[in-house]
Amino acid sequence: MVRMSAEERRESVIRAAIAEFAQRGYYGTSTEAIAKRVGVSQPYLFRLFPGKKAIFAVASQRCVDEMRELFEKVAEGLRGEEALDAMGEAYVQLIQEQPERLRMQMQTYIAVAAAEAEGEHEFGELVRAGWGRLWDTVHLLSGADVDRTTTFLAKGMLINTYAAMGFPPEHRVWQGMYEDAGARGKPEKCGDE
């Protein structure tokens with residue numbers, strides 16, 4: 001059996017954390033569940049990360065960073081609406097193929113709100129900084145003005161909401177989501193498979 005390096009094990013923990021937190025949220029997920037999914041002990045888990053908050057923060061940030069990297073990849077060489085269309089289609093495909101990414105996003109928003117309500121602002125600042133980088137990426141790659149960039153991301157959030165609530169693709173709420181919704185189709189349901 002090949003031994004994993006600490007960095008490989010850390011990556012395994014991040015992937016496991018995304019899956020666990022996406023399913024049960026910050027408060028419903030134990031570090032024991034994450035450790036068990038990875039096949040390590042809790043003490044080993046805490047050698048890789050200082051605690052549950054740190055694991056959640058890294059998992060949340062990973063999802064945003066990977067989304068930003070995906071947008072950079074698919075929009076390469078494109079501008080304007082072509083870039084926005086490519087990013088939008090890639091995002092819909094991502095949440096269809098990896099619904100835990102959508103659920104992790106939703107859990108992140110809940111965790112930020114809960115932390116802020118308790119007067120803990122560090123996590124919220126981290127998440128807002130990540131989303132700021134995502135906004136900048138969309139804005140710069142597309143060359144769109146501020147209003148168009150905002151509209152693009154607002155539609156993305158509405159897609160998140162509809163998909164998280166499990167609206168089937170044929171439901172009327174998807175009408176008008178895209179100018180050519182009939183030609184391109186609508187997102188598939190992104191709930192539990």
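If you're wondering where the values come from, they're calculated on a predicted model, not measured in any experiment.

On to the overall build of the protein chain, then. A tally of helices and strands in the protein chain yields 9 helices and 0 strands. Each helix (α) and strand (β) of the protein chain, taken in turn from the N terminus, gives the series α-α-α-α-α-α-α-α-α. Its C-alpha atoms give the protein chain a radius of gyration of 18 Å, near enough to 16 Å, the size a compact globule of 193 residues would have. With the C-alpha coordinates aligned to their principal axes, the bounding extent of the protein chain is approximately 50 × 45 × 35 Å. Across the 193 residues that make up the protein chain, the buried fraction comes to 42%. Taking the contacts inside the protein chain whose residues are at least 6 apart along the sequence as the reference set, 62% of them involve residues at least 24 apart.

For the structure on display, the rule yields 1 cavity of 30 Å³ or more. Computed from the structure, the largest cavity encloses a volume of approximately 80 Å³. Forming the walls of the largest cavity are Ser 60, Gln 61, Cys 63, Val 64, Met 104, Gln 105, Thr 108, Tyr 109, Val 127 and Trp 131. Contributing elements (two or more residues each) for the lining of the largest cavity: α4 (52-74), α6 (99-117) and α7 (122-142). For the lining of the largest cavity, the class distribution of residues is 6 nonpolar, 4 polar and no charged.

So, about the packing of aromatic side chains. Using the criterion set out here, one finds 9 aromatic pairs in the structure. Ring plane angle 50° and centroid distance 6.3 Å describe the contact between Tyr 109 and Trp 131, whose orientation is recorded as tilted. Separated by 22 residues along the polypeptide, Tyr 109 in helix α6 and Trp 131 in helix α7 bring together distant segments of the chain. Chaining the aromatic ring pairs together yields one cluster made of Phe 21, Tyr 26, Tyr 27, Phe 56 and Phe 123. Directly above the aromatic system of Tyr 26 lies the positively charged group of Lys 52, at a separation of 4.5 Å from the ring centroid.

This part is about the packing of helix α5 (residues 80-97) against helix α8 (residues 146-165). Closest axis-to-axis distance for the α5/α8 pair is 11 Å, and the angle between their directions is 20°. Between α5 and α8, the crossing angle belongs to the class labelled roughly parallel. Once α5 is placed against α8, the crossing between them reads as right-handed. Of the residues in α8, those touching α5 at Glu 81, Leu 84, Met 87, Gly 88, Tyr 91, Val 92 and Ile 95 are Arg 148, Phe 152, Gly 156, Ile 159, Asn 160 and Ala 163.

Let us now look at the confidence of the model for the protein chain. For the protein chain, per-residue confidence averages 89 on the pLDDT scale, and 91% of positions sit at 70 or higher. Long-range and interchain partners of residues 180-186, a stretch whose pLDDT sits below 50, account for 8 contacts in this model, where long-range means more than four residues apart. A low-confidence stretch, residues 189-193 (pLDDT under 50), is modelled with 16 contacts involving residues beyond four sequence positions or located in other chains.

Criteria and thresholds
- Residues numbered from 1 in each chain as written.
- Predicted model: local features only at pLDDT ≥ 70, side-chain atom pairs only at ≥ 80, totals over all residues.
- Heavy atoms only, no water.
- Helix = DSSP H or I, 4+ residues; strand = E, 2+ residues; numbered from the N terminus.
- Rg over C-alpha atoms; globule rule 2.2 N^0.38 Å.
- Buried < 20%, exposed > 50% of the residue type's maximum accessible area, 1.4 Å probe, protein only.
- Contact = heavy atoms within 4.5 Å.
- 1 Å grid on protein atoms, 1.4 Å probe; cavity = no way out; pocket = protein on both sides within 12 Å on 5 of 7 lines; lining within 4 Å.
- Points joined across faces, edges and corners; volume = space filled by probe spheres on them.
- Nonpolar A, V, L, I, M, F, W, Y, C, P; charged D, E, K, R; others polar.
- Phe/Tyr/Trp six-rings, centres within 6.5 Å; stacked < 30°, edge-to-face > 60°.
- Lys NZ or Arg CZ within 6 Å of the ring centre and 35° of its normal.
- Axes fitted to C-alpha atoms, helices over the stretch in contact; angles between N-to-C directions.
- Parallel < 35°, antiparallel > 145°, perpendicular 65-115°, else oblique.
- Left-handed = near helix turned anticlockwise from the far one by under 90°.
- pLDDT = per-residue confidence, 0-100.

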